[in-house]
Amino acid sequence: MDDAALLNELEPVAARLLERHLSTTKEWFPHELVPWSRGRNFAPGEDWTPDELAPPPAVRSALFVNLLTEDNLPYYSMEIHEMFSAEGAWGEWARRWTAEEGRHSIVMRDWLTVTRAIDPIGLERGRMSQVSSAIVPHPASPVSGLVYVTLQELATRISHHNTGKLLEDKPGYEIMKRVAADENLHYLFYRDMTTAALQVDPSAVVIAIEAEVRDFAMPGVGIPDFDAHAKAIAKAGIYDYSIHHDQILVPVILRHWKLEDLTGLSDEAEHARDAALTRIARIGKAAQRLRERSAALAPA
Ligand SMILES: [Fe+2]
Ligand SMILES: [Fe+2]
């Protein structure tokens, strides 16, 4: 089935899931979550010091990467419009999603500015560099896109929430939890779109799942020093291999999409399924080794 026919077939599902989304999501206001009274002017020439709030470096890395990823919204939005459609329920979803994503960078940046949790100059330079580079993933097809954004929205939910839990700051925690709740609803939309796609063209979806399991990377390429930040984020347990395996690959691909039990697959899709299952098992073993190693290193 070609891309256009598949998207057309799935449009009524997109309409239904959009309606479900709109009836589930609750209106919220970034300005109400920000502790404005803690803010003060940044005098010219006065260097930033982490005097008010000094989260551990790994948490700072996570805030930096998470916010710059949210800042890259124009290109994600473009990608979503092009990959699915700007028309009908697909287009309506893409625009609603864009509007919701926009408040994530607003609320996070406002909180960071008043609490001085991150150097605002480094952050702004990072934003300029990230947004000027326009680097975002380009899934090979709409089906690959659905699989990718499902995993990515869930990964983002987990990463925002875990970052919040490590902030010793109540408003910061509430903000990250609120943003994570939006990401969760985005995840549910895409997860259930993919489930519907599995009914229409299971072979295409399985081939896409295999590719995404093989290549999935958290968004962030294009962010200055991304690799070093990603390492720190993993080490702090905000987002690492075992989270990727235990909280994303297993619950979504194995339990929800039931990769092992799918029937009616082409030969190519059967091979892809085997490869994906092998890789997920391998990632699980690597995650287990990591857990054992960090348990051995932890103080008794
Ligand atoms: Fe977001
Ligand atoms: Fe999202």
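Up top you'll find the structure we're talking about.
Residues numbered from 1 in each chain as written. Chains lettered and ligands numbered in written order. Predicted model: local features only at pLDDT ≥ 70, side-chain atom pairs only at ≥ 80, totals over all residues. Heavy atoms only, no water.

Q: With reference to specific residues and values, describe the side chain of Glu 153.
A: Tracing the backbone through its elements, the reader meets Glu 153 in helix H7 (residues 142–165). Among buried charged residues, Glu 153 stands out as having no salt bridge; its nearest opposite-charge side chain is Arg 157, 9.7 Å away. One polar contact links Glu 153 to His 186, side chain to side chain, over a distance of 3.4 Å. With near-sequence residues (within four places) excluded, Glu 153 lies in contact with Trp 97, Glu 101, Glu 183, His 186, Tyr 187 and Tyr 190. (Helix = DSSP H or I, 4+ residues; strand = E, 2+ residues; numbered from the N terminus. Buried < 20%, exposed > 50% of the residue type's maximum accessible area, 1.4 Å probe, protein only. Lys, Arg positive; Asp, Glu negative; His and termini not counted. Salt bridge = Lys/Arg side-chain N within 4 Å of Asp/Glu carboxyl O. Polar contact = N/O pair within 3.5 Å; in protein donor to acceptor, adjacent residues only side chain to side chain. Contact = heavy atoms within 4.5 Å.)

Q: Residues and numbers for the coordination of the iron ion (ligand 2), please.
A: At the metal site, the iron ion (ligand 2) is ligated by Glu 101 (OE), Glu 153 (OE), Glu 183 (OE) and His 186 (ND1), and these contacts range over 1.8 to 2.2 Å. One way to put it: the four donor atoms around the iron ion (ligand 2) meet at angles of 90 to 144°, and that makes the site irregular. (Donors = N, O, S within 2.8 Å, 3.2 Å for Na, K, Ca; no water. Tetrahedral: all angles 85-135°; square planar, octahedral: opposite > 155°, others 65-115°.)

Q: Which residues make up the pattern of salt bridges, and what are the values?
A: On inspection of all chains with the given rule, the structure shows 15 salt bridges. Between Arg 127 and Glu 124 there is a salt bridge, with its nearest N and O atoms 3.0 Å apart. Linking Arg 127 with Glu 124, this pair stays in helix H6 (residues 120–133), spanning three residues, or about one helical turn. Taking relative accessible area as the criterion, Arg 127 reaches 24% and is therefore assigned partly exposed. Owing to a relative accessible area of 35%, Glu 124 belongs among the partly exposed residues under this scheme. The residue Glu 270 makes a salt bridge to Arg 273 at a minimum N-O spacing of 3.0 Å. Here Arg 273 and Glu 270 lie together in helix H12 (residues 267–297), a separation of three residues that amounts to about one turn.

Q: Residue-level account of the packing of aromatic side chains, with values.
A: Following the criterion strictly, the structure yields six aromatic pairs and no others. Seen from their ring centres, Trp 93 and Tyr 190 are 5.6 Å apart, and the 90° between their planes marks the pair as edge-to-face. Taken together, the residues Trp 93 in helix H5 (residues 88–115) and Tyr 190 in helix H8 (residues 170–200) connect sequence positions 97 residues apart. Its relative accessible area of 0% is what places Tyr 190 among the buried residues. Both rings, one in Phe 189 and one in Tyr 190, keep their centres 5.4 Å apart while their planes meet at 85°; by these two values the pair is edge-to-face. Each member of the aromatic cluster is reached from another via a ring pair, and the members are Phe 84, Trp 90, Trp 93, Phe 189 and Tyr 190. In this structure, Arg 116 packs its charged tip against the face of Phe 42, placed 3.9 Å from the ring centre. (Phe/Tyr/Trp six-rings, centres within 6.5 Å; stacked < 30°, edge-to-face > 60°. Lys NZ or Arg CZ within 6 Å of the ring centre and 35° of its normal.)

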